[in-house]
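Survey of secondary and tertiary structure
Below are the chains, spelled out letter by letter.
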Amino acid sequence: MDTKPSPKDINLKLVAIREAAKAGMTIPIILLVLVLPHLTSFSVPNYPWVLLVSGMASVNAIIFPLLHFRFYKKGKLDRIKKLLSFEIPLDAITISLFLLLFPNMGGPLFVIFGFIIIGASYTYNASLPYLVALIASLYVIIEIFLKIMASGLPSIYEWLDQIMRVSFVVLMAYFSNVLAGSALAEKQERERAQKLTADLEMSGQKIKEQLVELNQRHKFVSLMRRLDQIIMNTLELSEMAQKIVDTVSWELGFAGGIIGVLSEKADTFNFLAISQTPEIKKLLISWDKPFSSLNLPLADPHYNIIEKALAQRRSITTNSLSDIFHGVVSLKEAKDMQKSLGIESCLAYPLSAKGKKIGVLVFLLREPYLNLSVREIEILDAFSDQSGIALENALLLYQTKETHKELQKSYARLKELDQMKDELVSISSHELRTPMTSVKSYLWMALNKANNLTPKLKKYLERAYQSSDRMIKLVEEMLSVSRLDSGRLQLSVKKLDLPKLILSVISELTVRAKEKQIELTFKKPAKAPPMVFADEEKIREVLLNLLDNALKFTSQKGKITVSVRRRGKMVEISIADTGVGIAKEDLPKLFQKFGRLEHSFATMAESGGGTGLGLYIVKRIINLHRGKIWVNSQKGKGSTFTFSLRIAEGRW
Amino acid sequence: MAEKILIVEDDKFLSELYQELLTQEGFEVSVADDGEVGLEKMKIGGYDLTLLDIMLPKKDGLTILRELEDEEKKKCGQIVMLTNLGQDQIIKDGFSLGAVGYLIKSALTPDQVLHEARVFLEKGKK
């Protein structure tokens, strides 16, 4: 029995007060009914009536409170309520019968007074009973006064009669007042209870709403976490796309999702993935190509919702799946799909990251999109935002990978080409040199061993001989450059005695110098320079090249001087000539590949020309030796080429 | 008595030129057109100077040197490599296989070749 009475139903305290009040009112009435006729001038009523009235009053005063108490104990509040509805008419009947029983009490007028007083108690009017009691008292006083005026002082019984009447009315008014007060309080209590209940209901509703909201928020958060996980754990583009659309079907509970990206040139939309739900899987089997191979060439006007969403940068809705697949699959296929998946509407969301359009995410719904709540739309917004970022990351990686692949391919191709070039140079230089050696040698024979050469013929042969020589040198230099450029040239570095090498090279060139009447000398330093680290053959090549140039560009009776000096950890070798010099604007081009100088063509022709590779090779060789080469020159006043080599100290 | 020179060289024009040049100077010249003939002639020997081309059909110069016994090499006099390429490794290998020198054909005029031949013959006499 722990059903506690609730304030909503009945105020039990008020019921108790009222019952007590009624009992308090009824007992004197019964006493009056039973005793008064013997004490006063009241006419003695019929006893059966007296018994009826007193019985009803007793029921009212004793049985009802007991029942109330019993029901309260048992917790049967609805019974109490019913009981109360019985009591009111019973009260009224009891009073009326009582007043009718004693016409001496004032007759019908007092019946009316009685009703008003009882009625007032049920209309919560607490002051009306007193007013009525006052009127009844006045009425009695006036009656007594009129009686005195008419027949002198009334008898003692008559006084008692009147006092009884007044006191009865006052008593009734008093209890009525108590009743009304308690009823009013009950009413107020009830109203308050009702208001409280309403408030409670309202807050209950609010809590319910908040719970729903919380639930959705939880769903939202877990959804975003799921997306975050996808982003963190997935690098590969198609895998990421698949995971996103699978999340749309599994976590959001939609019929499915479709995702795709813009091509790099933004002229095609490539479908990447569709949710792999059992229904969709089944459906796709009948398609003749994989979903990821679908693409949509973008065009204007936008027949396709995807195009429209991309162009307008906002989400677009449609009721027809064929709007998504327009221009991609047949209308029939789209319609079949829509029907078998039970799709009611589609929402195409453009995806972007850092303000750049990336692709589109389509949600396939089994309900009209108007059914979506504001919260659900918020979720879709956030979901597509997040998907855009995820996809961009994957896309960047994908593009980087693709670029890397391309680069690797190009690199491999370049390497191959480079090798082919080297081989070509190598083979052609060998193959060329053999016949060129024949040509050159026979021309030499013609010039030197044949008799009776006319001066003209001799001139022609000489030119042919020089040209063949130039060609051989060019082939050799090309081979050198090829070796240097491919890094195949290996130095065999040893300690090298520079003056010895210089003297040897000079002696090699003495004949040619004499022919041109050029003074070629080595200015030997007073103190022998230290040994250097160098590859003798390569440095010989450098010296020959530089001296060859000097001879070429120095006119008859000029001077070429080779000198050596130590500077810190290096030894510097200079070759100074009194030749034509180099124009300032030509200096930067000097050591470049094929950097033959525009301004030296005239001298070239005179001196047999060059390949434009010589100084490039020289510079590369010196750099391989970790030395430097530079030039000082003034147009018309000669040039000084200087290169440095490391002193042979410690390790190479 | 005229000194004997063997030329192992596949380029006919060049070998004939060297032959003509050297014969004019009074040497007794023998010629081999490819590696196999060269090897046979060198095995028989009897030369004061052998000009041995490296790039040869059938058998290259370095292989010939590898296949010859030391005794046979002695019978070929001074062995000088004829090359078109100043390739260090090949030249080194040649020296370690008993060659005493090398000539880069394209870099030399005929009389320079003649001069070099004389120098090597002189060296051999010492």
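In the block above lies the structure referred to throughout.
For clarity, every value in this text was computed on a predicted model and none was experimentally measured.

Quite often, the size of an interface is put as the accessible area lost when its parts meet. Every contact between the two is made by 21 residues of chain B and, on the other side, 17 residues of chain A. Summed over both sides, the interface between chain B and chain A buries roughly 1800 Å², with carbon and sulfur atoms accounting for 56% of that surface. Counting every contact that joins chain B to chain A gives zero salt bridges. For the interface between chain B and chain A, the tally reads four residue pairs in polar contact (both at pLDDT 80 or more). Sorting the residues of the side of chain B that touches chain A by element identifies helix H1 (12–24) and helix H6 (110–125) of chain B as the ones contributing at least two each. Here the side of chain B that touches chain A gets seven residues from one element, more than from any other, and that element is H1(B).

Side chains that differ in charge, positive against negative, can pair when their charged atoms come close. Residue and element names in this part refer to chain A. Applying the stated rule across the entire model yields 30 salt bridges over all chains. Measuring nitrogen to oxygen at the nearest pair gives 2.5 Å for the salt bridge that ties Arg512 to Asp548. Placement of Arg512 in helix H13 (residues 498–515) and of Asp548 in helix H14 (residues 536–553) is noted, with a sequence separation of 36 residues between them. Asp548 gets classed as buried once you look at its relative accessible area, which sits at 14%. Across the pair Glu572 and Arg567 runs a salt bridge whose closest N-O atoms are separated by 3.2 Å. Among the residues examined, Glu572 registers a relative accessible area of 7% and is labelled buried. Where salt bridges share partners, they join Glu213, Arg217, Arg375 and Glu378 into one cluster.

A few words on the sheet that holds strand E11 (residues 570–577) of chain A. All names here are of chain A. Spatial strand order, E8-E10-E11-E13-E12: five strands in an open sheet with mixed pairing. Unpaired on one side and paired on the other, strand E8 (519–523) and strand E12 (629–634) mark the two borders of the sheet. Recorded for the sheet is a direction-independent mean angle of 15° between the axes of neighbouring strands. Here E12 runs beside strand E13 (residues 638–646); their pairing, made up of six bridges, is antiparallel. Along E13, the bridge assignment pairs Trp630 with Thr642. Taken strand by strand, H13 contacts E8, strand E10 (559–567), E11 and E13, and its axis lies near 170° from that of E8. Across the sheet, helix H16 (residues 614–624) is in contact with E12 and E13; its angle to E13 comes to roughly 25°.

With that out of the way, let us pick up helix H7 (residues 237–250) of chain A. Spanning 14 residues, H7(A) covers 20 Å between terminal C-alpha atoms, matching the ideal 20 Å at 1.5 Å per step. Listing the buried residues of H7(A) in full gives Leu237(A), Met240(A), Ala241(A), Ile244(A), Val245(A), Asp246(A), Thr247(A), Val248(A) and Ser249(A).

Let us now look at the sheet that holds strand E6 (residues 356–365) of chain A. Consider a sheet: its strands pair through backbone hydrogen bonds, and that pairing is either parallel or antiparallel. Residues and elements named next belong to chain A. Read across the sheet, six strands follow the order E3-E2-E1-E6-E5-E4 without closing on themselves; strand pairing throughout is antiparallel. The open sheet is flanked by strand E3 (295–297) and strand E4 (316–318), the only strands paired with a single partner. This sheet shows a mean twist of 20° between the axes of neighbouring strands, independent of strand direction. Bridge analysis of strand E5 (residues 345–353) against E6 gives nine bridges, and the strand direction is antiparallel.

On to the pairing of E8(A), then. Residue and element names in this part refer to chain A. Alternating positions in E8 separate cleanly, Leu520 and Phe522 being buried on one face and Glu519, Thr521 and Lys523 remaining unburied on the opposite face. Note that E8 and E10 share five bridges and pair parallel. Counterpart to Phe522 in the pairing with E10 is Val562.

This part takes up empty space enclosed by the protein. Residues and elements named next belong to chain A. Under the criterion given, the structure shown has three cavities of 30 Å³ or more. In this structure, the second largest cavity spans a volume of roughly 40 Å³. Glu143, Ile144, Lys147, Pro154, Glu158, Trp159 and Gln162 are the residues that line the second largest cavity. Looking at the lining of the second largest cavity, the elements with two or more residues in it are helix H5 (128–151) and helix H6 (156–233). Each residue belonging to the lining of the second largest cavity can be placed in one class, and the counts come to three nonpolar, one polar and three charged.

Rules behind the numbers
Residues numbered from 1 in each chain as written. Chains lettered and ligands numbered in written order. Predicted model: local features only at pLDDT ≥ 70, side-chain atom pairs only at ≥ 80, totals over all residues. Heavy atoms only, no water. Contact = heavy atoms within 4.5 Å. Buried area = accessible area lost by both parts, 1.4 Å probe. Salt bridge = Lys/Arg side-chain N within 4 Å of Asp/Glu carboxyl O. Polar contact = N/O pair within 3.5 Å; in protein donor to acceptor, adjacent residues only side chain to side chain. Helix = DSSP H or I, 4+ residues; strand = E, 2+ residues; numbered from the N terminus. Buried < 20%, exposed > 50% of the residue type's maximum accessible area, 1.4 Å probe, protein only. Pairing = 2+ DSSP bridges. Axes fitted to C-alpha atoms, helices over the stretch in contact; angles between N-to-C directions. Expected span 1.5 Å × (residues − 1). 1 Å grid on protein atoms, 1.4 Å probe; cavity = no way out; pocket = protein on both sides within 12 Å on 5 of 7 lines; lining within 4 Å. Points joined across faces, edges and corners; volume = space filled by probe spheres on them. Nonpolar A, V, L, I, M, F, W, Y, C, P; charged D, E, K, R; others polar.

Keep in mind that these numbers describe shape and distance, not what the molecule does.
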